[in-house]
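# Observations on chain architecture
Below, each chain spelled out in residue letters.
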Amino acid sequence: MLQLDERPGDHAPMVTDGTERRPARVHTVRTTPDVLVPLVEADRRGAAQVLAAALADDPGYRHLFPDPRRREQELQALYRMTLDDAINHGRAYVTRIGSVVTGAIAIYPPHTYPMSTARWLRQGLRIARMATITREHSRGIARFGSLTAGGVPTDAWYVEALGVRPDLQRAGRGYRLIQQAFALADEAGERSYLETTKPENVAYYAEMGYEETGAQVSLAGDDGPWIVPMLRPAREAAAVRAA
């Protein structure tokens, strides 16, 4: 899931879910005091907290975790597991001010998602803890994971999670983070893939080069929310360097 943290028309396109947007083709990134660094184990819990807070109002997660009193705790358990796997088998980055995590992204290279059986077994204890926390919502999480995993192209860089701390959004952090995904994909001359359950985000992702791909998938019958898969075409590495 992704969270665009700035409206088009502010100084930069950011990663937050659920804001009104005006069309914008050119974005200027604000200067922030953050550093952007690879995620390390010491920052994993803080990164999971940031993602949980950023995505708590996402339509898909509101459906999966209907109790707002529990939602962030449940999402933190989910993202602690996701980020552990991304550190070992993908790419994960955070923005930080000092030791405080302000934004996070998890990216999987081609042919590394979905998780293999061995990787699921490695996460056994975390899965058990997550099931204890999410309780009756565990089956919904499993179904959601199955629906999203089935749509991820094996030859694309998958932006699995992206979010910025809500009180620090609209300042360029999300844009800096998603540029990491673009840099990795473009250097390899490969595609980038993501999905969203926020209809308002589709046009915004299109401005960043993504296109809708395949059929939308409903989480709850005809009323949605709907998973919208989007793909950013490959760019030749030489062309990227020359741009």
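For the structure itself, consult the block above.
Residues numbered from 1 in each chain as written. Predicted model: local features only at pLDDT ≥ 70, side-chain atom pairs only at ≥ 80, totals over all residues. Heavy atoms only, no water.

### Section: the nonpolar core
Spelled out, the test is: For the purposes of this section, nonpolar cores are sets of buried Ala, Val, Leu, Ile, Met, Phe, Trp, Tyr and Cys residues that join through side-chain atoms within 4.5 Å. The rule is simple: take the accessible area with a 1.4 Å probe, protein chains only, and divide by the maximum for that residue type; under 20% is buried, over 50% is exposed, in between is partly exposed. Here a residue-residue contact requires only that any non-hydrogen atoms of the pair lie within 4.5 Å.
By size, the foremost hydrophobic cluster in this structure holds 38 residues, and its most contacted members are Ala-47, Tyr-61, Leu-75, Tyr-79 and Leu-83. Discounting residues that sit within four places of it in the chain, Leu-83 has contacts with Leu-39, Arg-44, Ala-47, Ala-48, Leu-51 and Ala-106. Core analysis: the next-biggest nonpolar cluster, separate from the first, contains 21 residues, Val-159, Ala-181, Leu-194 and Met-208 among them.

### Examining the pairing of strand β10 (residues 226–232)
Across a regular strand the side chains alternate sides, sitting on one face of the sheet and then on the other. Quick note on the threshold: Counting from the N terminus, the helices are DSSP H or I runs at least four residues long and the strands are E runs at least two residues long. When DSSP locates at least two bridges between a pair of strands, those strands are taken to pair.
β10 sits mainly inside the fold: six of its seven residues count as buried. Bridge count between strand β7 (residues 191–196) and β10: five bridges; the pairing is antiparallel. By the bridge assignment for β10, Leu-194 is matched with Met-230. One ladder, built from two bridges, connects strand β9 (residues 217–218) with β10; its direction is antiparallel. By the bridge assignment for β10, Val-217 is matched with Ile-227.

### Focus on the packing of aromatic side chains
In this description, a pair of aromatic rings is defined by centroid distance and the angle of the planes. Selection rule: Stacked, tilted and edge-to-face pairs are distinguished by plane angle, under 30 degrees for stacked and over 60 for edge-to-face with tilted covering the rest, among Phe, Tyr and Trp rings (Trp via its six-membered ring) whose centres lie within 6.5 Å. Over a ring means this: the NZ of a Lys or the CZ of an Arg is within 6 Å of the ring centre and within 35 degrees of the ring normal.
Taken as a whole and assessed by the stated rule, the structure comprises seven aromatic pairs. Ring plane angle 45 degrees and centroid distance 6.0 Å describe the contact between Phe-182 and Tyr-210, whose orientation is recorded as tilted. Here Phe-182, found in helix α7 (residues 173–188), pairs with Tyr-210, found in the loop between α8 (201–207) and β8 (211–212); they are 28 residues apart in sequence, far enough to count as distant. Assessed through its relative accessible area of 2%, Tyr-210 is described here as buried. What links up through ring pairs into an aromatic cluster is the set Tyr-108, Tyr-113, Tyr-158 and Tyr-193. Over the ring of Phe-182 we find Arg-232, and its NZ or CZ is 4.0 Å from the ring centre.

### Re the pairing of strand β6 (residues 156–164)
Here β6 lies mainly inside the structure; nine of its nine residues are buried. Pairing between strand β5 (residues 100–108) and β6: six bridges, direction antiparallel. Residue pairing for β6: Ile-105 is matched across the bridge by Leu-162. The pairing of β6 with β7 spans three bridges and is parallel. Within the sheet, the bridge partner assigned to Tyr-158 lies in β7 and is Tyr-193.

### Details of helix α5 (residues 124–134)
Convention followed: To obtain the arc, one takes the directions from the helix axis to the C-beta atoms.
Listing the buried residues of α5 in full gives Met-130, Ile-133 and Thr-134. Mapping the buried residues of α5 onto a view down its axis gives an arc of 85 degrees, with all of them on the same face. Those residues of α5 that are exposed and angled more than 90 degrees off the buried face are Leu-125 and Thr-132. A positive backbone phi angle near 50 degrees is found at Arg-135, which sits one or two residues after α5.

### Structural notes on the side chain of Thr-95
Tracing the backbone shows Thr-95 in strand β4 (residues 91–97). With residues up to four places along the chain from it excluded, the contact list for Thr-95 reads Asp-34, Val-35, Leu-36, Val-100, Val-101, Thr-102, Gly-103, Arg-173 and Leu-177.

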